[in-house]
Amino acid sequence: MNKVYVSTRDENKKLSSKEAILEGISSDGGLFVWPELDSVKIDLNKVCKQSYQENAYMILKELLPDFSEEELRECIHNAYTNSFDTEDITPIKKVDDVYVLELFHGPTSAFKDVALTLLPQLMQKALQSTNQKALILTATSGDTGKAALCGFQDVKDIGIVVFYPHQKVSQIQYRQMATQKGKNVKVYAVKGNFDDAQSQVKKLFLDDEMNGIAKSKQILLTSANSINIGRLIPQIVYYFESYKYLVNQGMIQIGEKVSFSVPTGNFGDVLAGYYGYLMGLPVEKFYVASNANHVLTDFLSTGIYDRNRDFIQTISPSMDILISSNLERLLYYMSGKDTAFVKKCMDDLKETGKYQIPEDMLSKIQDLFGCGYVNDTETKRVILDVYEQTKVVLDPHTAIGYSVAQNSDESPIVSLSTASPYKFSIDVLDALGIQVKDELEAMKELSKVCSDPIPKGLNELEKLPILHTDVIEIEEMKEVVSQAMEACFHD
Ligand SMILES: N[C@@H](CCOP(=O)(O)O)C(=O)O
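Along every chain, residues carry numbers that run from 1 in the direction the sequence is written. Per-residue local features of the predicted model are confined to residues with pLDDT of at least 70, and side-chain atom pairs are confined, for both listing and counting, to 80 or more; whole-chain, interface and lining totals are unaffected and use all residues.

As a further point, take the sheet that holds strand β10 (residues 258-263). Pairing between two strands is assigned when DSSP locates at least 2 bridges connecting them. Secondary structure elements are defined from DSSP: runs of H or I of at least 4 residues count as helices, runs of E of at least 2 residues count as strands, and each element is numbered from the N terminus. On the basis of which strands lie adjacent, the open sheet formed by 6 strands has the order β4-β5-β15-β10-β11-β14 and mixed pairing. Looking along the sheet, the strands with just one partner apiece sit at the ends: β4 (92-95) and β14 (369-373). If you compare each strand with its neighbour and ignore which way they point, the axes differ by 25° on average. Inspection of the sheet shows β10 paired to strand β11 (residues 283-290) by 5 bridges, in the parallel sense. Note that in β11 the partner of Pro 263 across the bridge is Ala 289. Comment: axis = line fitted to C-alpha atoms, over the contacting stretch for helices; angle = value between 0 and 180 degrees taken between N-to-C directions.

It is worth spelling out the nonpolar core at this point. One finds Leu 135, Ile 160 and Phe 163 to be the most contacted residues of the largest nonpolar core, which totals 159 residues. Counting residues per element, this core draws most heavily on helix α11 (residues 229-248), which supplies 11 residues. Not counting chain neighbours up to four residues away, the residues in contact with Phe 163 comprise Thr 138, Ala 139, Tyr 188, Val 190, Ala 197, Val 201 and Met 477. The term nonpolar core refers to a set of buried Ala, Val, Leu, Ile, Met, Phe, Trp, Tyr and Cys residues connected through C-beta atoms within 7 Å. Every C-beta atom is placed from the backbone, and the number of other C-beta atoms within 10 Å of a residue's own sets its class: buried at 20 or more, exposed at 12 or fewer, partly exposed in between. Two residues qualify as a contact pair if the distance between their C-beta atoms, derived from the backbone, is within 7 Å.

Strand order in this open sheet of 5 strands is β9-β6-β7-β8-β16, and the pairing throughout is parallel. A single partner strand is all that each edge strand has here, and the edge strands are β9 (219-223) and β16 (471-473). Going across the sheet, the axis of each strand differs from the next one's by a mean of 30°, ignoring polarity. For strand β7 (residues 158-165) and strand β8 (residues 185-191), the ladder comprises 6 bridges, and the chain directions are parallel. Each residue of the ladder has a partner; that of Ile 160, found in β8, is Val 185. Sheet strands in contact with helix α10 (residues 208-216) are β6 (133-139) and β9, and its direction is about 130° off that of β9.

A few words now on the UniProt feature "domain: Threonine synthase N-terminal" (unreviewed entry) in the protein chain. UniProt positions are given in the numbering used here, feature names are shortened, and annotations may be inferred rather than shown by experiment. In this numbering, the UniProt entry assigns the feature "domain: Threonine synthase N-terminal" (unreviewed entry) to residues 5-80. In residues 5-80, the share of helix is 46% and the share of strand is 14%. The end C-alpha atoms are 26 Å apart.

Okay, structure coming up:
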(Lines give C-alpha, C1' and ligand atoms only; values in the text may rest on other atoms or scores of the structure.)
Protein backbone atom coordinates (compact mmCIF):
# COMPACT_ATOMS: atom_id res chain seq x y z
CA MET A 1 0.00 0.00 0.00
CA ASN A 2 1.27 3.43 -0.97
CA LYS A 3 4.41 1.92 -2.56
CA VAL A 4 3.97 4.31 -5.45
CA TYR A 5 7.58 5.17 -6.31
CA VAL A 6 9.91 2.96 -8.36
CA SER A 7 13.51 3.25 -9.50
CA THR A 8 14.14 4.60 -13.01
CA ARG A 9 16.37 1.54 -13.44
CA ASP A 10 14.14 -1.13 -11.92
CA GLU A 11 10.34 -1.03 -11.79
CA ASN A 12 10.33 -3.80 -9.19
CA LYS A 13 12.05 -1.64 -6.64
CA LYS A 14 8.96 -0.06 -5.01
CA LEU A 15 8.85 2.47 -2.19
CA SER A 16 6.41 4.76 -0.44
CA SER A 17 7.01 8.49 -0.72
CA LYS A 18 8.42 8.66 2.82
CA GLU A 19 10.81 5.83 2.01
CA ALA A 20 11.82 7.47 -1.27
CA ILE A 21 12.57 10.76 0.50
CA LEU A 22 14.65 8.99 3.12
CA GLU A 23 16.58 6.87 0.61
CA GLY A 24 17.20 9.82 -1.73
CA ILE A 25 18.71 7.65 -4.46
CA SER A 26 17.88 4.04 -5.29
CA SER A 27 20.40 1.35 -4.35
CA ASP A 28 20.65 0.46 -8.07
CA GLY A 29 21.83 4.01 -8.82
CA GLY A 30 18.46 5.02 -10.28
CA LEU A 31 16.21 7.89 -9.22
CA PHE A 32 12.75 7.48 -7.76
CA VAL A 33 9.80 8.19 -10.04
CA TRP A 34 6.06 7.75 -9.85
CA PRO A 35 4.96 5.76 -12.91
CA GLU A 36 1.35 6.94 -12.68
CA LEU A 37 2.19 10.63 -12.46
CA ASP A 38 0.16 11.44 -15.58
CA SER A 39 -2.98 10.02 -14.00
CA VAL A 40 -2.90 12.75 -11.33
CA LYS A 41 -4.71 15.85 -12.56
CA ILE A 42 -4.63 19.19 -10.79
CA ASP A 43 -7.79 21.33 -11.00
CA LEU A 44 -6.69 24.60 -12.64
CA ASN A 45 -9.87 26.40 -11.56
CA LYS A 46 -8.94 25.72 -7.96
CA VAL A 47 -5.29 26.66 -8.54
CA CYS A 48 -6.32 30.08 -9.79
CA LYS A 49 -8.37 30.84 -6.68
CA GLN A 50 -6.10 29.49 -3.96
CA SER A 51 -3.09 30.79 -2.05
CA TYR A 52 0.44 29.49 -2.65
CA GLN A 53 0.16 27.37 0.50
CA GLU A 54 -3.18 25.85 -0.53
CA ASN A 55 -1.83 25.02 -3.96
CA ALA A 56 1.25 23.48 -2.37
CA TYR A 57 -1.00 21.28 -0.25
CA MET A 58 -3.15 20.28 -3.23
CA ILE A 59 -0.08 19.16 -5.20
CA LEU A 60 1.87 17.59 -2.35
CA LYS A 61 -1.02 15.48 -1.14
CA GLU A 62 -1.20 13.78 -4.54
CA LEU A 63 2.49 12.98 -4.73
CA LEU A 64 3.18 12.24 -1.08
CA PRO A 65 0.18 10.02 -0.29
CA ASP A 66 1.59 8.46 2.86
CA PHE A 67 1.89 11.82 4.62
CA SER A 68 -1.24 12.74 6.57
CA GLU A 69 -3.11 15.97 5.85
CA GLU A 70 -2.01 17.30 9.24
CA GLU A 71 1.63 16.47 8.51
CA LEU A 72 1.64 18.16 5.13
CA ARG A 73 -0.18 21.26 6.31
CA GLU A 74 2.25 21.63 9.21
CA CYS A 75 5.28 21.21 6.92
CA ILE A 76 3.94 23.78 4.46
CA HIS A 77 3.12 26.20 7.23
CA ASN A 78 6.59 25.89 8.78
CA ALA A 79 8.31 26.24 5.41
CA TYR A 80 6.52 29.29 4.10
CA THR A 81 5.61 31.35 7.15
CA ASN A 82 7.88 34.39 7.56
CA SER A 83 10.78 32.83 5.64
CA PHE A 84 10.25 34.56 2.28
CA ASP A 85 10.40 38.32 1.92
CA THR A 86 7.22 38.39 -0.14
CA GLU A 87 3.79 37.09 0.76
CA ASP A 88 3.21 35.42 -2.59
CA ILE A 89 6.52 33.43 -2.22
CA THR A 90 7.31 33.42 -5.96
CA PRO A 91 6.15 36.74 -7.49
CA ILE A 92 6.19 37.57 -11.19
CA LYS A 93 7.58 40.73 -12.76
CA LYS A 94 6.90 41.56 -16.40
CA VAL A 95 10.20 42.58 -18.00
CA ASP A 96 9.62 43.75 -21.55
CA ASP A 97 7.53 40.94 -23.07
CA VAL A 98 8.76 38.19 -20.73
CA TYR A 99 7.15 37.17 -17.44
CA VAL A 100 10.04 36.79 -15.02
CA LEU A 101 9.18 34.38 -12.19
CA GLU A 102 11.24 35.51 -9.20
CA LEU A 103 12.24 32.45 -7.21
CA PHE A 104 14.87 34.13 -5.07
CA HIS A 105 12.87 35.65 -2.23
CA GLY A 106 13.75 32.95 0.31
CA PRO A 107 16.40 32.95 3.05
CA THR A 108 19.42 32.28 0.79
CA SER A 109 18.29 34.21 -2.30
CA ALA A 110 18.08 31.27 -4.71
CA PHE A 111 15.24 29.15 -6.11
CA LYS A 112 16.49 26.21 -4.06
CA ASP A 113 14.89 27.77 -0.98
CA VAL A 114 11.42 26.96 -2.27
CA ALA A 115 12.12 23.26 -1.78
CA LEU A 116 14.79 23.40 0.89
CA THR A 117 12.59 25.20 3.40
CA LEU A 118 10.16 22.29 3.00
CA LEU A 119 12.35 19.19 2.56
CA PRO A 120 13.75 19.29 6.12
CA GLN A 121 10.18 19.29 7.43
CA LEU A 122 9.18 16.37 5.22
CA MET A 123 12.30 14.45 6.15
CA GLN A 124 11.71 14.91 9.84
CA LYS A 125 8.18 13.54 9.49
CA ALA A 126 9.44 10.62 7.42
CA LEU A 127 12.14 9.85 10.00
CA GLN A 128 9.73 9.83 12.92
CA SER A 129 8.56 6.25 12.53
CA THR A 130 12.04 4.83 11.85
CA ASN A 131 14.09 5.35 15.01
CA GLN A 132 16.93 6.48 12.82
CA LYS A 133 18.90 9.62 12.13
CA ALA A 134 19.73 10.97 8.68
CA LEU A 135 22.96 12.35 7.30
CA ILE A 136 22.47 14.48 4.21
CA LEU A 137 25.27 14.47 1.64
CA THR A 138 25.00 17.37 -0.77
CA ALA A 139 27.05 18.31 -3.80
CA THR A 140 26.64 21.88 -4.93
CA SER A 141 27.75 24.10 -7.74
CA GLY A 142 26.83 27.08 -5.61
CA ASP A 143 23.18 27.53 -4.67
CA THR A 144 21.91 24.19 -3.35
CA GLY A 145 24.65 24.03 -0.73
CA LYS A 146 23.71 27.16 1.16
CA ALA A 147 19.97 26.56 0.85
CA ALA A 148 20.39 23.03 2.20
CA LEU A 149 22.66 24.17 5.05
CA CYS A 150 20.18 26.84 6.02
CA GLY A 151 17.19 24.49 5.79
CA PHE A 152 18.79 21.70 7.80
CA GLN A 153 20.71 23.81 10.32
CA ASP A 154 20.23 22.31 13.80
CA VAL A 155 17.33 20.13 12.69
CA LYS A 156 16.97 17.36 15.26
CA ASP A 157 18.42 13.97 14.28
CA ILE A 158 19.63 15.23 10.91
CA GLY A 159 23.19 16.16 9.97
CA ILE A 160 24.40 17.68 6.73
CA VAL A 161 27.68 17.65 4.80
CA VAL A 162 28.07 19.96 1.81
CA PHE A 163 30.74 19.65 -0.87
CA TYR A 164 31.37 22.53 -3.25
CA PRO A 165 33.99 22.85 -5.99
CA HIS A 166 36.99 24.81 -4.67
CA GLN A 167 37.20 28.28 -6.24
CA LYS A 168 34.45 27.47 -8.71
CA VAL A 169 31.52 29.17 -6.99
CA SER A 170 30.90 32.92 -6.76
CA GLN A 171 32.58 34.76 -3.88
CA ILE A 172 29.23 35.41 -2.25
CA GLN A 173 28.17 31.77 -2.64
CA TYR A 174 31.47 30.79 -0.99
CA ARG A 175 30.92 33.23 1.86
CA GLN A 176 27.35 32.02 2.37
CA MET A 177 28.55 28.45 2.86
CA ALA A 178 31.80 29.15 4.69
CA THR A 179 30.02 31.20 7.38
CA GLN A 180 27.27 28.65 8.03
CA LYS A 181 26.53 28.09 11.70
CA GLY A 182 25.01 24.95 13.20
CA LYS A 183 26.05 22.03 15.36
CA ASN A 184 25.06 19.53 12.70
CA VAL A 185 26.75 21.01 9.61
CA LYS A 186 30.04 20.34 7.79
CA VAL A 187 31.18 22.19 4.68
CA TYR A 188 34.09 21.20 2.42
CA ALA A 189 35.64 22.70 -0.67
CA VAL A 190 36.72 19.86 -2.94
CA LYS A 191 39.50 19.94 -5.51
CA GLY A 192 37.49 19.22 -8.61
CA ASN A 193 34.35 20.42 -10.34
CA PHE A 194 30.69 19.91 -9.49
CA ASP A 195 30.45 16.71 -11.54
CA ASP A 196 33.38 15.22 -9.60
CA ALA A 197 31.70 16.07 -6.31
CA GLN A 198 28.25 14.85 -7.33
CA SER A 199 29.58 11.60 -8.82
CA GLN A 200 31.53 10.88 -5.64
CA VAL A 201 28.50 11.62 -3.46
CA LYS A 202 26.41 9.22 -5.56
CA LYS A 203 29.17 6.60 -5.21
CA LEU A 204 29.14 7.02 -1.42
CA PHE A 205 25.37 6.46 -1.30
CA LEU A 206 25.95 3.08 -2.95
CA ASP A 207 29.13 2.18 -1.06
CA ASP A 208 28.64 -1.01 1.01
CA GLU A 209 31.27 -0.13 3.59
CA MET A 210 29.86 3.37 4.05
CA ASN A 211 26.32 2.05 4.38
CA GLY A 212 27.52 -0.60 6.83
CA ILE A 213 29.07 2.02 9.09
CA ALA A 214 25.96 4.19 8.82
CA LYS A 215 23.67 1.27 9.60
CA SER A 216 25.66 0.37 12.70
CA LYS A 217 25.02 3.89 13.97
CA GLN A 218 21.36 3.86 12.90
CA ILE A 219 22.03 6.59 10.38
CA LEU A 220 20.52 6.81 6.91
CA LEU A 221 22.57 8.49 4.20
CA THR A 222 20.41 10.64 1.98
CA SER A 223 20.38 13.62 -0.36
CA ALA A 224 19.16 17.21 -0.47
CA ASN A 225 19.94 17.51 -4.17
CA SER A 226 17.22 17.28 -6.78
CA ILE A 227 17.97 13.59 -7.18
CA ASN A 228 15.78 13.35 -4.06
CA ILE A 229 12.13 13.33 -5.08
CA GLY A 230 11.34 15.39 -1.98
CA ARG A 231 13.41 18.22 -3.47
CA LEU A 232 11.59 18.14 -6.80
CA ILE A 233 7.97 18.00 -5.71
CA PRO A 234 7.82 21.41 -3.96
CA GLN A 235 9.21 23.00 -7.14
CA ILE A 236 6.16 21.89 -9.15
CA VAL A 237 4.05 24.37 -7.21
CA TYR A 238 5.54 27.54 -8.68
CA TYR A 239 4.83 26.43 -12.23
CA PHE A 240 1.12 26.27 -11.33
CA GLU A 241 1.47 29.55 -9.42
CA SER A 242 2.79 31.33 -12.51
CA TYR A 243 -0.13 29.95 -14.50
CA LYS A 244 -2.46 31.32 -11.82
CA TYR A 245 -0.80 34.72 -12.20
CA LEU A 246 -1.28 34.82 -15.96
CA VAL A 247 -4.94 33.78 -15.66
CA ASN A 248 -5.66 36.25 -12.88
CA GLN A 249 -3.97 39.06 -14.83
CA GLY A 250 -6.25 38.27 -17.77
CA MET A 251 -3.31 37.32 -19.99
CA ILE A 252 -4.71 33.84 -20.70
CA GLN A 253 -7.92 31.89 -20.21
CA ILE A 254 -7.83 28.67 -18.20
CA GLY A 255 -6.76 25.90 -20.56
CA GLU A 256 -4.57 28.06 -22.81
CA LYS A 257 -0.95 27.02 -23.11
CA VAL A 258 2.09 28.89 -21.82
CA SER A 259 5.82 28.34 -22.29
CA PHE A 260 8.66 28.38 -19.80
CA SER A 261 12.35 29.14 -20.11
CA VAL A 262 14.46 27.53 -17.41
CA PRO A 263 18.15 28.12 -16.65
CA THR A 264 19.31 24.53 -16.34
CA GLY A 265 22.12 22.61 -14.68
CA ASN A 266 21.10 19.39 -12.96
CA PHE A 267 17.77 19.35 -14.88
CA GLY A 268 15.70 19.31 -11.66
CA ASP A 269 13.97 22.65 -12.08
CA VAL A 270 12.77 22.10 -15.63
CA LEU A 271 11.80 18.54 -14.74
CA ALA A 272 9.54 19.89 -11.98
CA GLY A 273 7.81 21.89 -14.74
CA TYR A 274 7.47 18.73 -16.82
CA TYR A 275 5.90 17.01 -13.82
CA GLY A 276 3.42 19.90 -13.68
CA TYR A 277 2.71 19.32 -17.38
CA LEU A 278 2.07 15.61 -16.75
CA MET A 279 -0.35 16.69 -14.01
CA GLY A 280 -2.36 18.85 -16.39
CA LEU A 281 -0.55 22.20 -16.62
CA PRO A 282 -1.15 23.47 -20.19
CA VAL A 283 2.36 23.94 -21.61
CA GLU A 284 3.40 24.76 -25.15
CA LYS A 285 7.14 24.38 -24.62
CA PHE A 286 9.86 24.20 -22.00
CA TYR A 287 13.07 25.91 -23.06
CA VAL A 288 16.18 24.44 -21.50
CA ALA A 289 18.62 27.34 -21.20
CA SER A 290 22.32 26.54 -20.79
CA ASN A 291 25.63 28.36 -20.49
CA ALA A 292 28.87 27.47 -22.27
CA ASN A 293 28.57 23.96 -20.79
CA HIS A 294 25.85 23.24 -23.36
CA VAL A 295 25.71 19.48 -23.11
CA LEU A 296 21.89 19.68 -22.85
CA THR A 297 21.50 21.95 -25.88
CA ASP A 298 23.50 19.43 -27.88
CA PHE A 299 21.47 16.53 -26.51
CA LEU A 300 18.14 18.16 -27.25
CA SER A 301 19.33 19.02 -30.77
CA THR A 302 20.95 15.70 -31.71
CA GLY A 303 19.77 12.99 -29.31
CA ILE A 304 23.39 12.37 -28.31
CA TYR A 305 24.37 13.06 -24.72
CA ASP A 306 28.12 13.43 -24.61
CA ARG A 307 29.92 14.73 -21.59
CA ASN A 308 33.36 14.14 -23.09
CA ARG A 309 34.25 17.79 -23.41
CA ASP A 310 36.04 20.49 -21.45
CA PHE A 311 34.32 21.63 -18.29
CA ILE A 312 34.07 25.41 -18.60
CA GLN A 313 34.03 27.72 -15.59
CA THR A 314 31.53 30.50 -16.26
CA ILE A 315 29.92 33.49 -14.56
CA SER A 316 26.82 31.31 -14.07
CA PRO A 317 28.55 28.73 -11.84
CA SER A 318 25.39 27.05 -10.57
CA MET A 319 24.91 25.77 -14.13
CA ASP A 320 28.49 24.59 -14.61
CA ILE A 321 27.48 20.94 -14.91
CA LEU A 322 28.09 18.28 -17.54
CA ILE A 323 26.19 15.41 -15.90
CA SER A 324 22.59 16.55 -15.53
CA SER A 325 21.22 13.95 -13.13
CA ASN A 326 17.50 14.48 -13.61
CA LEU A 327 17.56 13.91 -17.33
CA GLU A 328 17.37 10.28 -16.28
CA ARG A 329 13.84 10.88 -15.03
CA LEU A 330 12.82 12.48 -18.35
CA LEU A 331 14.23 9.48 -20.21
CA TYR A 332 12.11 7.22 -18.01
CA TYR A 333 8.85 8.94 -18.96
CA MET A 334 9.75 9.65 -22.59
CA SER A 335 10.79 6.03 -23.18
CA GLY A 336 7.38 4.82 -21.99
CA LYS A 337 8.77 3.93 -18.55
CA ASP A 338 11.35 1.55 -20.01
CA THR A 339 13.66 0.95 -17.05
CA ALA A 340 15.96 -1.35 -19.04
CA PHE A 341 16.46 1.42 -21.61
CA VAL A 342 17.22 3.99 -18.91
CA LYS A 343 19.66 1.62 -17.23
CA LYS A 344 21.46 1.01 -20.52
CA CYS A 345 21.78 4.77 -21.18
CA MET A 346 23.11 5.39 -17.68
CA ASP A 347 25.53 2.45 -17.92
CA ASP A 348 26.80 3.85 -21.25
CA LEU A 349 27.17 7.30 -19.68
CA LYS A 350 29.21 5.86 -16.85
CA GLU A 351 31.42 3.70 -19.06
CA THR A 352 31.91 5.89 -22.13
CA GLY A 353 30.66 9.33 -21.07
CA LYS A 354 27.90 9.27 -23.66
CA TYR A 355 24.69 7.68 -24.90
CA GLN A 356 22.28 8.14 -27.78
CA ILE A 357 18.49 7.95 -27.81
CA PRO A 358 16.41 6.75 -30.79
CA GLU A 359 15.06 9.24 -33.37
CA ASP A 360 11.39 8.78 -32.45
CA MET A 361 12.13 9.48 -28.82
CA LEU A 362 14.13 12.56 -29.72
CA SER A 363 11.19 13.92 -31.78
CA LYS A 364 8.84 13.28 -28.88
CA ILE A 365 11.16 15.21 -26.56
CA GLN A 366 11.61 18.01 -29.11
CA ASP A 367 7.83 18.43 -29.38
CA LEU A 368 7.86 19.70 -25.82
CA PHE A 369 11.42 20.84 -25.13
CA GLY A 370 13.26 23.65 -26.90
CA CYS A 371 16.79 24.71 -26.02
CA GLY A 372 19.45 27.36 -26.36
CA TYR A 373 22.73 28.40 -24.80
CA VAL A 374 24.42 31.68 -24.03
CA ASN A 375 28.12 32.26 -23.37
CA ASP A 376 29.55 34.69 -20.80
CA THR A 377 30.04 37.60 -23.20
CA GLU A 378 26.47 37.35 -24.40
CA THR A 379 25.19 36.90 -20.83
CA LYS A 380 26.83 40.18 -19.83
CA ARG A 381 25.36 41.89 -22.90
CA VAL A 382 21.88 40.68 -21.91
CA ILE A 383 22.33 41.95 -18.34
CA LEU A 384 23.36 45.37 -19.67
CA ASP A 385 20.60 45.56 -22.32
CA VAL A 386 17.87 44.59 -19.89
CA TYR A 387 19.14 47.09 -17.35
CA GLU A 388 19.36 49.91 -19.89
CA GLN A 389 15.90 49.23 -21.25
CA THR A 390 13.98 48.36 -18.09
CA LYS A 391 16.18 49.20 -15.07
CA VAL A 392 15.78 45.59 -13.94
CA VAL A 393 19.01 43.83 -12.93
CA LEU A 394 19.16 40.11 -13.73
CA ASP A 395 21.62 37.63 -12.31
CA PRO A 396 23.72 35.74 -14.89
CA HIS A 397 21.64 32.53 -14.71
CA THR A 398 18.41 34.46 -15.08
CA ALA A 399 19.88 36.45 -17.96
CA ILE A 400 20.57 33.20 -19.80
CA GLY A 401 16.99 32.01 -19.34
CA TYR A 402 15.70 35.44 -20.32
CA SER A 403 17.78 35.53 -23.49
CA VAL A 404 16.57 32.07 -24.54
CA ALA A 405 12.97 33.14 -23.77
CA GLN A 406 13.30 36.25 -25.94
CA ASN A 407 14.77 34.30 -28.83
CA SER A 408 12.00 31.71 -28.65
CA ASP A 409 9.17 33.87 -30.06
CA GLU A 410 6.77 32.11 -27.67
CA SER A 411 4.04 34.11 -25.99
CA PRO A 412 3.23 34.16 -23.21
CA ILE A 413 6.52 32.89 -21.85
CA VAL A 414 7.56 32.67 -18.21
CA SER A 415 11.28 32.87 -17.59
CA LEU A 416 12.48 31.47 -14.29
CA SER A 417 14.66 33.83 -12.27
CA THR A 418 16.68 31.42 -10.22
CA ALA A 419 18.86 33.66 -8.07
CA SER A 420 19.25 37.18 -6.79
CA PRO A 421 21.77 39.30 -8.71
CA TYR A 422 23.41 40.13 -5.36
CA LYS A 423 24.86 36.60 -5.24
CA PHE A 424 26.88 37.45 -8.33
CA SER A 425 27.46 41.14 -7.65
CA ILE A 426 31.00 41.37 -9.04
CA ASP A 427 30.09 39.89 -12.44
CA VAL A 428 26.76 41.68 -12.64
CA LEU A 429 28.44 45.02 -11.97
CA ASP A 430 31.12 44.18 -14.51
CA ALA A 431 28.35 43.59 -17.06
CA LEU A 432 27.06 47.06 -16.22
CA GLY A 433 30.51 48.53 -16.72
CA ILE A 434 31.37 48.94 -13.02
CA GLN A 435 34.49 47.22 -11.69
CA VAL A 436 34.57 46.28 -7.99
CA LYS A 437 36.92 43.58 -6.71
CA ASP A 438 35.62 42.93 -3.20
CA GLU A 439 32.35 40.96 -3.09
CA LEU A 440 30.94 42.75 -0.05
CA GLU A 441 31.69 46.17 -1.55
CA ALA A 442 30.16 44.96 -4.79
CA MET A 443 26.87 44.13 -3.06
CA LYS A 444 26.74 47.65 -1.64
CA GLU A 445 27.46 49.15 -5.05
CA LEU A 446 24.80 46.96 -6.66
CA SER A 447 22.32 48.08 -4.05
CA LYS A 448 22.82 51.67 -5.26
CA VAL A 449 22.34 50.60 -8.88
CA CYS A 450 19.20 48.61 -8.10
CA SER A 451 17.90 51.19 -5.62
CA ASP A 452 16.86 48.38 -3.31
CA PRO A 453 18.28 46.90 -0.12
CA ILE A 454 20.68 43.95 -0.09
CA PRO A 455 18.65 40.84 0.88
CA LYS A 456 18.84 40.21 4.64
CA GLY A 457 20.75 36.91 4.51
CA LEU A 458 23.38 38.40 2.21
CA ASN A 459 23.66 41.69 4.06
CA GLU A 460 24.61 39.96 7.30
CA LEU A 461 27.50 38.06 5.65
CA GLU A 462 29.84 40.98 6.37
CA LYS A 463 29.53 40.40 10.11
CA LEU A 464 29.86 36.62 10.09
CA PRO A 465 33.16 34.82 10.74
CA ILE A 466 34.45 32.23 8.29
CA LEU A 467 33.88 28.88 10.02
CA HIS A 468 34.66 26.32 7.32
CA THR A 469 38.08 26.38 5.65
CA ASP A 470 38.81 22.75 4.73
CA VAL A 471 39.85 22.04 1.16
CA ILE A 472 39.96 18.33 0.42
CA GLU A 473 40.69 15.91 -2.40
CA ILE A 474 37.75 14.03 -3.94
CA GLU A 475 39.22 10.81 -2.50
CA GLU A 476 38.98 12.29 1.02
CA MET A 477 35.20 12.73 0.81
CA LYS A 478 34.57 9.22 2.12
CA GLU A 479 36.70 9.83 5.20
CA VAL A 480 35.02 13.13 6.07
CA VAL A 481 31.58 11.56 5.69
CA SER A 482 32.59 8.82 8.16
CA GLN A 483 33.74 11.51 10.58
CA ALA A 484 30.51 13.46 10.07
CA MET A 485 28.54 10.45 11.26
CA GLU A 486 29.95 11.24 14.69
CA ALA A 487 30.52 14.97 14.50
CA CYS A 488 27.11 16.01 13.19
CA PHE A 489 25.17 14.29 15.94
CA HIS A 490 26.90 15.58 19.05
CA ASP A 491 24.85 17.79 21.34
N1 LIG B 1 22.76 24.10 -9.49
C2 LIG B 1 22.98 23.30 -8.37
C3 LIG B 1 23.63 21.99 -8.63
C4 LIG B 1 22.94 20.93 -7.86
O5 LIG B 1 21.61 20.91 -8.30
P6 LIG B 1 20.42 20.27 -7.52
O7 LIG B 1 19.23 21.03 -7.98
O8 LIG B 1 20.39 18.87 -7.91
O9 LIG B 1 20.64 20.41 -6.07
C10 LIG B 1 23.62 24.07 -7.22
O11 LIG B 1 23.49 25.27 -7.17
O12 LIG B 1 24.26 23.46 -6.39
